[in-house]
Amino acid sequence: IKPLERSSEDVDIIFTRLKEVKAFEKFHPNLLQQICLCGYYENLEKGITLFRQGDIGTNWYAVLTGSLDVKVSDTSNHQDAVTICTLGIGTAFGESILDNTPRHATIVTREYSELLRIEQKDFKALWEKYRQHMSGLLTPPYGVMETGSNNDSKRQYRDCGKFKICVSWSLFFFSTITKVPSEKILRAGKILRNTILSRAPHMIRDRKYHLKTYRQCCVGTELVDWMMQQSPCVHSRTQAVGMWQVLLEEGVLNHVDQEHHFQDKYLFYRFLDDEREDAPLPTEEEKKECDEELQDTMLLLSQIGPDAHMRMILRKPPGQRTVDDLEFIYEELLHIKALSHLSTTVSIFKNIIHHQKGVFNQGEEGTSWYIILKGSVNVVIYGKGVVCTLHEGDDFGKLALVNDAPRAASIVLHKEDFNRILRDVEANTVRLKEHDQDVLVLEKIPAGNRVSNQVNSQPQHKYIVMSGTPEKILEHFLETMRLEATLNEATDSILNDFIMMHCVFMPNSQLCPALMAQYPFPSQGTEQEKMDYALNNKRRVIRLVLQWAALYGDLLQEDEAAMAFLEEFYVSVSDDTRMIAALKEQLPELEKVVKQHKVLLQLFNTSDDRAQKRQPIRGSDEVLFKVYCIDQTYTTIRVPVSSSVKEVISAVADKLGSGEGLIIVKMSSGGEKVVLKPHDISVFTTLSVNGRLFACPRDQFDSLAPLPEQEGPSTGTVGTFELMSSKDLAHQMTIYDWELFNCVHELELIYHTFGRHNFKKTTANLDLFLRRFNEIQFWVVTEVCLCSQLSKRVQLLKKYIKIAAHCKEYKNLNSFFAIIMGLSNVAVSRLSLTWEDPSRNHRAYRLTVTKLDPPIIPFMPLLIKDMTFTHEGNKTFTDNLVNFEKMRMIANTVRTVKFCRSQSFNPDAALTNKNHQDVRSYVRQLNVIDNQRTLSQMSHRLEPRRA
């Protein structure tokens with residue numbers, strides 16, 4: 001839409017999208033609003049040249065999706081151009097239009113890409129009006145450099161042959177302690193100091209050590225103890241260390257000998273205010289203010305503490321890094337974009353951790369590899385200026401033309417260490433070959449390595465699977481299985497990874513025959529040798545089958561081949577017990593699995609069963625579902641949940657009497673229409689909150705329109721639920737959310753990640769749980785936008801904040817984040833102050849989950865994001881072998897679900913015993929508007945945009 005034709009609702013929708021794009025995350029809201037008014041959308045296919053080196057620029061660009069290559073040529077011949085780097089999502093380029101200088105490089109789309117484009121006249125107008133906001137965001141010479149050194153606002157260059165790097169510093173990575181702390185951290189330090197003086201004044205006093213007196217000091221261990229007692233958001237001593245490190249980095253807290261690492265030891269630290277001999281004590285008014293602000297301060301430090309902790313570890317010499325330090329960095333590296341497309345072997349990750357060096361005073365030409373954690377790096381050609389900017393998650397240094405830079409906000413690995421790592425990995429690799437082809441690749445690792453949960457490992461080293469053919473991987477796990485453990489004990493997690501992930505590379509139709517092939521008697525050796533080998537081998541196969549059946553549970557009953565295998569296997573084991581008595585001990589467990597009673601067929605209804613306690617939905621369960629026609633009448637069909645679209649069309653045709661040329665269309669409340677493919681399955685549970693299914697001839701597709709009922713409610717329910725206790729609402733929400741979450745099978749996450757159509761399996765339970773997240777989000781926005789009275793809206797916001805706080809108290813993180821993200825929706829946030837979205841701080845969330853005890857209802861969209869990130873960043877097969885490292889990483893995320901449910905959920909007895917039928921019914925049948933455009937229009941009617 002042309003800028004002059006865009007409505008205020010259009011601008012709000014663009015604003016909502018752009019504020020989530022990395023290139024704009026630091027832009028002032030007013031500046032971003034103007035970009036929404038003048039920016040254009042561009043989509044380009046792969047291989048399109050956006051502009052050439054030497055052209056006079058006319059537009060500024062930001063990358064929304066896809067990637068573009070930056071090519072530079074020393075000659076006038078564009079065919080000589082060399083690709084020096086790639087611009088990814090969130091990067092921006094084209095500032096040279098401010099002074100009409102020629103383009104410094106040629107830009108070509110590397111894949112299908114979507115861009116935001118701003119024309120030169122509009123960009124210059126923005127620059128003139130918002131120069132103070134843009135100067136710190138654009139690349140030099142237009143932007144102002146932020147540095148942590150004494151050379152503030154000076155660009156730093158280092159000659160590296162013809163090419164040079166100009167480094168844009170952010171305040172992420174300090175070479176020394178900051179000399180001028182930020183106001184935010186200065187205030188945090190003052191609040192902590194005053195609170196300590198108010199509540200535990202004995203902690204700050206003169207201390208003596210080795211005949212020397214240290215004035216007004218605290219002890220590191222006492223500070224950690226104290227912090228853990230002050231707030232429920234501090235879950236561990238490690239987390240508290242990171243929070244104190246924030247203050248140490250900015251000089252608000254100082255070690256008496258000026259060490260830069262905060263340590264949980266008997267070491268002396270002094271607050272900045274106590275550096276003066278006449279430091280005043282807090283007044284009563286200041287004590288009261290600090291009490292009120294303490295929890296907000298603790299929350300702030302808990303969110304930025306992990307960054308400070310990581311910086312602290314990276315400053316240590318490699319030899320001084322502890323096992324906990326390495327564990328911490330390992331978890332961080334798994335979520336860095338630059339590492340997603342590199343080899344994902346655990347050993348390389350771990351070696352990077354061991355061999356990282358500080359970047360400062362390093363950087364000889366062509367000797368270092370960089371990964372940008374925070375901030376940005378500008379690629380500059382001598383005499384031509386900035387070519388492009390690399391951002392958070394990008395890496396450089398592998399290409400000869402882009403060399404090292406001083407003081408970059410990056411992890412650094414020296415070239416000699418990088419080569420040595422590659423040599424070490426290969427030297428510790430064992431390859432099994434058949435017909436000169438690799439069939440199994442193993443890597444030697446220390447026996448106590450993190451990838452194994454074995455506690456009593458006696459050997460110093462062990463081998464883990466890196467890749468292999470499915471059959472050889474199965475053989476390896478059977479040969480290395482420990483027989484001394486019982487099924488109830490903690491078994492090798494890597495074997496569990498195979499059982500969980502085999503559906504990706506070795507479906508049951510392939511696994512079952514392979515297991516039977518591993519079971520028979522050997523044909524060679526003495527009778528005793530045959531008997532010993534047979535006993536051990538058969539016991540291993542039985543154990544694996546039992547673990548496999550335990551994981552799949554009721555899902556096996558929907559797999560005819562798997563059930564037939566179990567029955568055949570049981571008969572074989574029963575026969576063998578006559579000759580091998582030792583097998584009898586495993587027979588009862590196997591019999592229990594095979595002879596489970598078949599569950600009666602359930603009838604699943606997508607809307608009317610919310611009041612009932614949920615049972616897991618299986619693909620064979622039948623669903624009653626309305627499918628609408630073009631005249632907005634409907635027909636009700638009864639089909640299995642896992643039915644394909646082709647089968648749905650057949651069922652509809654039977655009801656209508658004719659099905660020639662019918663298509664099935666998914667329609668959202670906003671009018672977005674998607675024609676479903678014939679092989680799509682289980683489409684009933686994938687609809688949006690107010691989505692509907694339509695059936696129509698293909699030539700009538702354009703005439704389809706949403707139903708009036710899809711618009712959602714016209715009046716709010718604040719009059720009903722304002723009388724309900726916030727704690728009761730959160731409690732009943734948690735009970736219902738737990739029912740939904742508890743129905744999700746772990747394998748559904750794998751089917752969702754790799755594409756359920758590849759497995760022909762339903763993910764109905766996961767779909768409904770994810771839809772619940774969206775439902776709660778829109779419930780918040782709907783109620784606020786339907787509340788016309790300002791004073792009631794204010795009370796409503798407070799109510800939602802209280803409900804969110806209680807959800808967090810109940811460890812219902814899914815609803816907690818849904819409410820917070822609802823409050824962050826532009827239709828709500830524009831009505832008052834801008835809300836900070838805590839869901840962006842995913843590191844703080846992950847830290848929280850690891851320190852909570854189950855039962856927990858996790859933030860499911862983030863788990864899905866982690867799995868998708870791993871899946872898309874790593875190939876499933878490498879050189880025709882299964883990339884088992886990828887399988888292990890995804891299985892590790894799925895294990896989070898198992899951990900969260902490792903303890904059963906027991907509702908609060910005091911609340912459960914009350915009669916909360918009205919609250920229970922309310923939270924299970926939320927009526928919402930899920931059309932963002934409608935919500936934005938309602939928001940503007942409540943508070944029109946100010947001129």
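Fair warning: this is a prediction, and the values are worked out from it, not measured in the lab.

Quick notes on the packing of aromatic side chains
Phase 1 of the analysis: Under the definition given, this model contains 33 aromatic pairs.
Phase 2 of the analysis: Judged by centre distance (5.4 Å) and plane angle (70 degrees), the rings of Tyr266 and Phe268 are edge-to-face.
Phase 3 of the analysis: Consider the rings of Phe498 and Phe505, whose centres lie 6.0 Å apart with planes at 55 degrees: the pair is tilted. We note that Phe498, like Phe505, is buried.
Phase 4 of the analysis: These aromatic residues form a ring-pair network of at least three members: Tyr519, Trp548, Tyr552, Phe565 and Phe569.
Phase 5 of the analysis: Directly above the ring of Tyr519 sits Lys538, whose terminal nitrogen or CZ lies 3.6 Å from the centroid.

Re the side chain of Thr734
Phase 1 of the analysis: Take Thr734: it is sitting in helix α21 (residues 726-743).
Phase 2 of the analysis: Note on Thr734: relative accessible area 0%, which makes it buried.
Phase 3 of the analysis: At a separation of 3.3 Å, a polar atom in the side chain of Thr734 contacts the side chain of Asn812.
Phase 4 of the analysis: Each residue touching Thr734, except ones within four places of it in the same chain, is listed here: Tyr810, Asn812, Ile857 and Phe905.

Digging into the packing of helix α23 (residues 764-785) against helix α24 (residues 790-809)
Phase 1 of the analysis: Close contact between α23 and α24 brings their axes to 10 Å; oriented N to C, the two are set at 160 degrees. Taken together, α23 and α24 sit at an angle that is classed as roughly antiparallel. Viewed along their axes, α23 and α24 form a crossing whose handedness is right-handed. Together, Trp779, Val780, Glu783 and Val784 of α23 and Arg793, Leu796, Leu797, Tyr800 and Ile803 of α24 make up the contact between the two elements.
Phase 2 of the analysis: Broken down by class, the residue content of the contact of α23 with α24 amounts to 7 nonpolar, no polar and 2 charged.

Some points on the sheet that holds strand β3 (residues 59-65)
Phase 1 of the analysis: Read across the sheet, 4 strands follow the order β1-β8-β3-β6 without closing on themselves; strand pairing throughout is antiparallel. In this open sheet, the two strands that pair with only one neighbour each are β1 (40-44) and β6 (92-93).
Phase 2 of the analysis: Direction of pairing for β3 relative to strand β8 (residues 113-119): antiparallel, over a ladder of 6 bridges. Pairing of Tyr61 across the sheet is with Arg117, part of β8.
Phase 3 of the analysis: Its contacts with the sheet place helix α3 (residues 120-129) against β3 and β8, and it is angled at close to 70 degrees to β8.

Remarks on the nonpolar core
Phase 1 of the analysis: Ranked by internal contacts, the top residues of the largest apolar core, which has 83 residues, are Phe498, Met501, Trp548, Phe569, Ile750 and Met860.
Phase 2 of the analysis: Per-element accounting of this core gives the leading share, 10 residues, to helix α16 (residues 527-552).
Phase 3 of the analysis: Per-domain counts for this core show at least three residues from each of domain 4 (469-595) and domain 6 (717-942).
Phase 4 of the analysis: Apart from the residues lying within four places of it in its own chain, the contact partners of Trp548 are Ile499, His502, Asn508, Leu511, Cys512, Leu556, Ala562, Phe565 and Leu566.
Phase 5 of the analysis: Counting 42 residues, the second largest nonpolar core, distinct from the first, contains Val781, Ile820, Leu862 and Val928.

Section: the pairing of strand β11 (residues 205-209)
Each regular strand shows side chains that alternate between the opposite faces of the sheet.
Phase 1 of the analysis: Two elements, β11 and strand β12 (residues 212-219), share 4 bridges in a ladder whose sense is antiparallel. Paired with Arg205 across the bridge in β12 is Cys217.
Phase 2 of the analysis: Counting the residues that bridge the hairpin from β11 to β12 gives 2 residues, and of these His210 lies at a positive phi of roughly 55 degrees.

As for the sheet that holds strand β21 (residues 429-434)
Phase 1 of the analysis: Spatially, 5 strands are ordered β21-β22-β23-β31-β30 in an open sheet, and the strand pairing comes out antiparallel. Two strands bound the open sheet, and with one partner strand each, they are β21 and β30 (877-878).
Phase 2 of the analysis: Two strands pair when backbone bridges link them, and strand β22 (residues 437-446) and strand β23 (residues 461-468) are joined in this way by 7 bridges, in the antiparallel orientation. Its bridge partner being in β23, Lys444 is matched across the sheet by Tyr463.
Phase 3 of the analysis: With respect to the sheet, helix α13 (residues 470-480) is in contact with β21, β22, β23 and β31 (881-883), its orientation differing from that of β23 by roughly 160 degrees.

Regarding the environment of Ala891
Phase 1 of the analysis: Mapped onto the fold, Ala891 is located in helix α29 (residues 884-900).
Phase 2 of the analysis: Counting along the chain gives 24 residues from Ala891 to Met867, while the straight-line C-alpha distance between them is 8.9 Å.
Phase 3 of the analysis: Contact partners of Ala891, with chain neighbours within four places excluded, come to Asp497, Met500 and Met501.

Some details on the environment of Asn825
Phase 1 of the analysis: Assignment of secondary structure puts Asn825 in the loop between α25 (813-824) and α26 (826-829).
Phase 2 of the analysis: Taking C-alpha positions, Asn825 is 9.4 Å from Ser936, a pair spaced 111 residues apart along the chain.
Phase 3 of the analysis: Excluding residues that lie within four positions of it along the chain, Asn825 makes contacts with Val781 and Gln932.

Concerning helix α28 (residues 860-873)
Phase 1 of the analysis: Taking 1.5 Å as the rise per residue, α28 with 14 residues should run 20 Å; its terminal C-alpha atoms sit 20 Å apart, in good agreement.
Phase 2 of the analysis: For α28, the complete set of buried residues consists of Met860, Leu862, Leu863, Ile864, Asp866, Met867 and Thr870.

Structural notes on the pattern of salt bridges
Phase 1 of the analysis: This model, assessed by the stated rule, comprises 37 salt bridges.
Phase 2 of the analysis: For Glu42, the salt bridge goes to Arg117, with nearest N and O atoms at 2.6 Å. Taken together, the residues Glu42 in strand β1 and Arg117 in strand β8 connect sequence positions 75 residues apart.
Phase 3 of the analysis: On the basis of relative accessible area, Arg117 is assigned to the buried category, the value being 15%.
Phase 4 of the analysis: Ionic pairing is found between Arg618 and Asp621, a salt bridge with its closest N-O pair at 2.9 Å.
Phase 5 of the analysis: Residues joined in a network through salt bridges with shared partners are Glu42, Arg117, Glu119, Lys121 and Asp122.

As for unusual backbone geometry
Phase 1 of the analysis: With an omega of 5 degrees, the peptide bond between Pro854 and Pro855 qualifies as cis.
Phase 2 of the analysis: If you trace the backbone, Pro855 turns up in the loop between α27 (842-851) and α28.
Phase 3 of the analysis: In this structure, Gln258 is a non-glycine residue whose phi angle is positive, near 60 degrees.
Phase 4 of the analysis: Residue position: Gln258 is located in the loop between β13 (253-255) and β14 (268-271).

Describing the packing of helix α17 (residues 560-576) against helix α18 (residues 587-594)
Phase 1 of the analysis: At a minimum axis separation of 10 Å, α17 and α18 run at an interaxial angle of 155 degrees. By the criterion of interaxial angle, the relationship of α17 to α18 is roughly antiparallel. Handedness of the α17/α18 crossing: left-handed. From α17, Met563, Leu566, Glu567, Phe569, Tyr570, Val573 and Ser574 reach across to α18, where they touch Leu587, Leu590, Glu591, Val593 and Val594.
Phase 2 of the analysis: For the contact of α17 with α18, a count of residues per class yields 9 nonpolar, 1 polar and 2 charged.

Observations concerning the environment of Glu275
Phase 1 of the analysis: Relative to the elements of secondary structure, Glu275 occurs in the loop between β14 and α8 (284-315).
Phase 2 of the analysis: Taking C-alpha positions, Glu275 is 9.2 Å from Asn254, a pair spaced 21 residues apart along the chain.

Focus on helix α14 (residues 493-505)
Phase 1 of the analysis: Under the 1.5 Å per step criterion, the end-to-end length of α14 is 18 Å for 13 residues, consistent within 8% with the ideal 18 Å.
Phase 2 of the analysis: Buried residues dominate α14, accounting for 12 of its 13 residues.
Phase 3 of the analysis: All of the buried residues in α14 are Ser493, Ile494, Leu495, Asp497, Phe498, Ile499, Met500, Met501, His502, Cys503, Val504 and Phe505.

As for the side chain of Asp930
Phase 1 of the analysis: Mapped onto the elements of the fold, Asp930 is located in the loop between α31 (917-924) and α32 (932-942).
Phase 2 of the analysis: The buried charged residue Asp930 lacks any salt bridge partner; its closest oppositely charged side chain belongs to Arg692, at an N-O distance of 7.6 Å.
Phase 3 of the analysis: A polar atom in the side chain of Asp930 sits 2.4 Å from the side chain of Ser669.
Phase 4 of the analysis: A distance of 3.0 Å separates a polar atom in the side chain of Asp930 from the backbone nitrogen of Asn690.
Phase 5 of the analysis: In contact with Asp930, other than residues within four places in its own chain, are Ser669, Ser688, Val689, Asn690, Gln710 and Phe778.

About the criteria used
Residues numbered from 1 in each chain as written. Predicted model: local features only at pLDDT ≥ 70, side-chain atom pairs only at ≥ 80, totals over all residues. Heavy atoms only, no water. Phe/Tyr/Trp six-rings, centres within 6.5 Å; stacked < 30°, edge-to-face > 60°. Buried < 20%, exposed > 50% of the residue type's maximum accessible area, 1.4 Å probe, protein only. Lys NZ or Arg CZ within 6 Å of the ring centre and 35° of its normal. Helix = DSSP H or I, 4+ residues; strand = E, 2+ residues; numbered from the N terminus. Polar contact = N/O pair within 3.5 Å; in protein donor to acceptor, adjacent residues only side chain to side chain. Contact = heavy atoms within 4.5 Å. Axes fitted to C-alpha atoms, helices over the stretch in contact; angles between N-to-C directions. Parallel < 35°, antiparallel > 145°, perpendicular 65-115°, else oblique. Left-handed = near helix turned anticlockwise from the far one by under 90°. Nonpolar A, V, L, I, M, F, W, Y, C, P; charged D, E, K, R; others polar. Pairing = 2+ DSSP bridges. Core = buried A, V, L, I, M, F, W, Y, C linked by side-chain atoms within 4.5 Å. Domains from an automatic or database assignment. Expected span 1.5 Å × (residues − 1). Salt bridge = Lys/Arg side-chain N within 4 Å of Asp/Glu carboxyl O. Lys, Arg positive; Asp, Glu negative; His and termini not counted.

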